[in-house]
Amino acid sequence: MDPRTGPAMSAPCPARLEIAAAAAFLASLLRGRVSEGCMRGFCGAVAEALTEHYRHHWFPERPTRGSGYRCIRINHHMDPVIARVARRVGLGSHQLYTLLPRELTLWVDPFEVSYRIGEDGSICVLYEAAAPAAPTAAPTYPLLTCKEELMLGRTSPAKGYLLTATS
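The following refers to the structure shown.

## Regarding the overall build of the chain
Summing up its helical and strand segments, the chain has 6 helices and 4 strands in all. From first element to last, N terminus to C terminus, the chain shows the α and β order α-α-α-β-α-α-β-β-β-α. Going through the 167 residues of the chain one by one, you find that 36% of them count as buried. Across the chain, contacts joining residues at least 24 apart in sequence account for 55% of those joining residues at least 6 apart. Summing over all exposed atoms, the chain offers an accessible surface of approximately 10,400 Å²; the carbon and sulfur share of this is 57%.

## Concerning the packing of aromatic side chains
Inspection of the entire model under this criterion finds 2 aromatic pairs. Centre to centre, the rings of tyrosine 54 and tryptophan 58 are 6.0 Å apart; their planes meet at 20 degrees, and the pair counts as stacked. In terms of burial, tyrosine 54 and tryptophan 58 fall into one category: buried. Between the NZ or CZ atom of arginine 65 and the centre of the ring of phenylalanine 59, over which it lies, the distance is 3.9 Å.

## Some thoughts on the pairing of strand β3 (residues 112–117)
Most of β3 is tucked away: 5 of the 6 residues are buried. Examined bridge by bridge, strand β2 (residues 103–109) and β3 share 6 bridges and lie antiparallel to one another. Bridge pairing in β3 places leucine 104 opposite isoleucine 117. Linkage of β2 to β3, two consecutive antiparallel strands, is achieved through a turn of 2 residues, within which phenylalanine 111 is found at a positive phi near 75 degrees. Here β3 folds back onto strand β4 (residues 123–128) in antiparallel fashion, the turn holding 5 residues, of which glycine 118 has a positive phi close to 85 degrees.

## Regarding the sheet that holds β4
Read across the open sheet, the 4 strands follow the order β1-β2-β3-β4; overall the sheet is antiparallel. Of all the strands in the sheet, the pair left with one neighbour each is β1 (72–75) and β4. Strand-to-strand twist in this sheet, taken as the mean axis angle between neighbours without regard to direction, amounts to 15 degrees. Pairing geometry for β3 and β4, over 5 bridges, is antiparallel.

## A word on the pattern of salt bridges
On inspection of all chains with the given rule, the structure shows 6 salt bridges. We note a salt bridge from arginine 40 to glutamate 36, for which the minimum N-O separation is 3.8 Å. Here arginine 40 and its partner glutamate 36 are both found in helix α2 (residues 36–53), 4 residues apart, which amounts to about one turn of the helix. The class for glutamate 36 is partly exposed, based on a relative accessible area of 41%. Salt-bridge contacts for arginine 88 lead to glutamate 48; the nearest nitrogen and oxygen are separated by 3.1 Å. Here arginine 88, found in helix α4 (residues 80–88), pairs with glutamate 48, found in helix α2; they are 40 residues apart in sequence, far enough to count as distant. The partly exposed category is assigned to glutamate 48, whose relative accessible area is 30%. Via salt bridges that share partners, Arg73, Arg116 and Glu119 belong to a single interconnected network.

## With respect to the packing of helix α1 (residues 16–28) against α2
α2 packs onto α1 with a crossing angle of 145 degrees between their chain directions and a minimal axis gap of 8 Å. In the packing of α1 onto α2, the handedness of the crossing is right-handed. Contact residues: Ile19, Ala22, Ala23, Ala24, Leu26 and Ala27 in α1; Met39, Phe42, Cys43, Val46, Ala47, Leu50 and Thr51 in α2.

The rules behind each value
Residues numbered from 1 in each chain as written. Predicted model: local features only at pLDDT ≥ 70, side-chain atom pairs only at ≥ 80, totals over all residues. Heavy atoms only, no water. Helix = DSSP H or I, 4+ residues; strand = E, 2+ residues; numbered from the N terminus. Buried < 20%, exposed > 50% of the residue type's maximum accessible area, 1.4 Å probe, protein only. Contact = heavy atoms within 4.5 Å. Areas by Shrake-Rupley, 256 points an atom, 1.4 Å probe, with all protein chains shown as cover. Phe/Tyr/Trp six-rings, centres within 6.5 Å; stacked < 30°, edge-to-face > 60°. Lys NZ or Arg CZ within 6 Å of the ring centre and 35° of its normal. Pairing = 2+ DSSP bridges. Axes fitted to C-alpha atoms, helices over the stretch in contact; angles between N-to-C directions. Salt bridge = Lys/Arg side-chain N within 4 Å of Asp/Glu carboxyl O. Left-handed = near helix turned anticlockwise from the far one by under 90°.

Listed below in structure tokens is the structure:
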């Protein structure tokens, strides 16, 4: 089997390494608190769920695109993808809240997976790979990801910005 082929996909999954890093990290948070079998089942179920969840939201050519959608967040509410996985492997919601940190942000982006525990915690990188070199083109000014905004200490746009939504 091709190592970048997802468990529920027949075509190669370009996010395979990033998803594996995220799933292994989340499962490691359960280590010693649930059985090894439950932990392995949780890890596999997270990988399958993220593979499906990110299916049309993975853009290696523009890694910041879709960053908010791919972010796994536990902050007084359980991330819906993780809640579904927990039910699937037989972990109740109350049990899940006791097993995982109360405040957790996990960013799963092309070429990088990082996390932060707590609102003021440090951002730690779990997986990092070099992005393929892009063809030479006119200079672009990339948008900051949610994680980069937090690292700069910005939580909302500056007052001079006008936010608009289009459909």
